[in-house]
Amino acid sequence: EVELVGIESTTTDAEGYYEFTNVESGLANLVFTRPGYVTVDTTFLVEGDVTVDVTLSLSPVDISGTVELAGVTDDLSGSSVSIDAAGYEPVITGPSGHYAFEELEQGEYTITVTHEYFASAETTVTANTDMVVDFELLHLDGVTDLEATFTELMRPLDPEDILTVELSWTAPEVPGLTIDHYEIYRGTSPTEMEHYDDAADDATSYSDISVEDGVTYYYYLVVVYEEGNSPDSDIAEVTPVIAADVN
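Quantities reported herein were computed from a predicted structural model and do not represent experimental measurements.

Caption draft 1: Representation of the sheet that holds strand E7 (residues 91–92) in the model. In space, the four strands of this open sheet follow the order E7-E6-E9-E10, with antiparallel pairing throughout. Two strands in the sheet have a free side with no partner beyond their single neighbour: E7 and strand E10 (118–127). Here strand E9 (residues 107–115) pairs with E10 via eight bridges, running antiparallel. Looking across to E10, one finds that histidine 115 is bridged to phenylalanine 118.

Quick look at the structure:
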């Protein structure tokens, strides 16, 4: 739209041409507007026929939104939101979960959201105007009810007797997420534990046959999802013991 301020308005044709006729001499003010473009306001002197050409540039856009965390209702802080736009650093959300990228050029952008112990999310949008893009991240639940047990053996041992610690747990169920496998951590101190072995995605138990009599072992599990890793489970401890022969 082209407005001759205080007099009349018109719209451009398919070639972008416009015209005002019988304009009185003197100062005149033209305002050029189009949705999605920066408005141009220009003042000039009319002394006979005048040609005023302008080039409208695309308006910058803002992309903003909120990152919700499944199961969290109070403090939504800590999500990292990034956008594939040159010169824009990732935004870390505050307690409200709000993020914003301002003054972007119009175009296509991919927005990626990550948060520790939550599944990451990614979406691609075409921004021709200001947009609100919200996310909800699913929690990467860990295992529950981890137990470590040992069936006491008695001396003398039979040849088929093997010192074995049995681990068992309840698998998490998070609709929309896929478990890849479980990581098992073990140590002889609850503060010094290392990755020991893996268990299959459908496992709910594990047999550890590399244990020694009288040594206390500590275990915890991490669920490895295709979407990321869960928090550490609670620690389970057990001390395999071979009882003395009472005879």
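Caption draft 2: Structural context of the pairing of strand E5 (residues 61–69). Pairing analysis gives five bridges linking E5 to strand E8 (residues 98–104), with the strands arranged antiparallel. Across the sheet, residue isoleucine 63 finds its bridge partner in E8, namely phenylalanine 101. Sheet topology note: the E5/strand E11 (residues 131–132) ladder contains two bridges and is parallel. Residue pairing for E11: serine 64 is matched across the bridge by valine 132. Judged from the three bridges that link them, E5 and strand E12 (residues 135–137) form a sheet pairing that is parallel. Bridge pairing in E12 places glutamate 68 opposite glutamate 136.

Caption draft 3: Broad picture of a negative patch on the surface. A contiguous patch of negative charge on the surface is contributed by Asp180, Asp201, Asp202 and Glu226. Here glutamate 226 is to be found in the loop between strand E19 (217–225) and strand E20 (228–229).

Caption draft 4: Representation of the sheet that holds strand E13 (residues 144–150). Strand order in the open sheet formed by three strands is E13-E15-E18, and the pairing between neighbours is antiparallel. Each edge of the open sheet is held by one strand with a lone partner, namely E13 and strand E18 (205–208). The average undirected angle you get between the axes of adjacent strands in this sheet is 15°. In terms of strand pairing, strand E15 (residues 165–170) meets E18 through four bridges, oriented antiparallel. In the sheet register, valine 165 faces E18, and the bridge partner there is aspartate 208.

Conventions adopted
Residue numbers restart at each chain and count upward from 1, following the sequence in its written direction. pLDDT decides what is reported in this predicted model: residues at 70 or higher carry local features, side-chain atom pairs at 80 or more are listed and counted, and totals for whole chains, interfaces and linings draw on all residues regardless. Side-chain numbers here rest on the full set of heavy atoms in the structure, without hydrogens or water. Strand pairing is assigned whenever DSSP identifies at least 2 bridges connecting the two strands. Starting at the N terminus, helices and strands are each numbered in turn, a helix being any DSSP run of H or I of at least four residues and a strand any DSSP run of E of at least two. Patches here: salt-bridge-free residues with over 30% relative accessible area, like charges joined within 9 Å, nonpolar side chains (Val, Leu, Ile, Met, Phe, Trp, Tyr) joined within 5 Å. To be clear on the numbers: accessible area is Shrake-Rupley with a 1.4 Å probe, and residue cover counts the displayed protein chains and nothing else. Salt bridges are defined by distance alone: a side-chain nitrogen of Lys or Arg within 4 Å of a carboxyl oxygen of Asp or Glu. The charge count treats Lys and Arg as positive and Asp and Glu as negative. His and the chain ends do not count. A charged residue contributes its charge at one atom only: NZ of Lys, CZ of Arg, CG of Asp or CD of Glu. Axis geometry follows a simple rule: fit a line to the C-alpha atoms, using only the stretch in contact for helices, then measure angles between N-to-C directions, giving values from 0 to 180 degrees.

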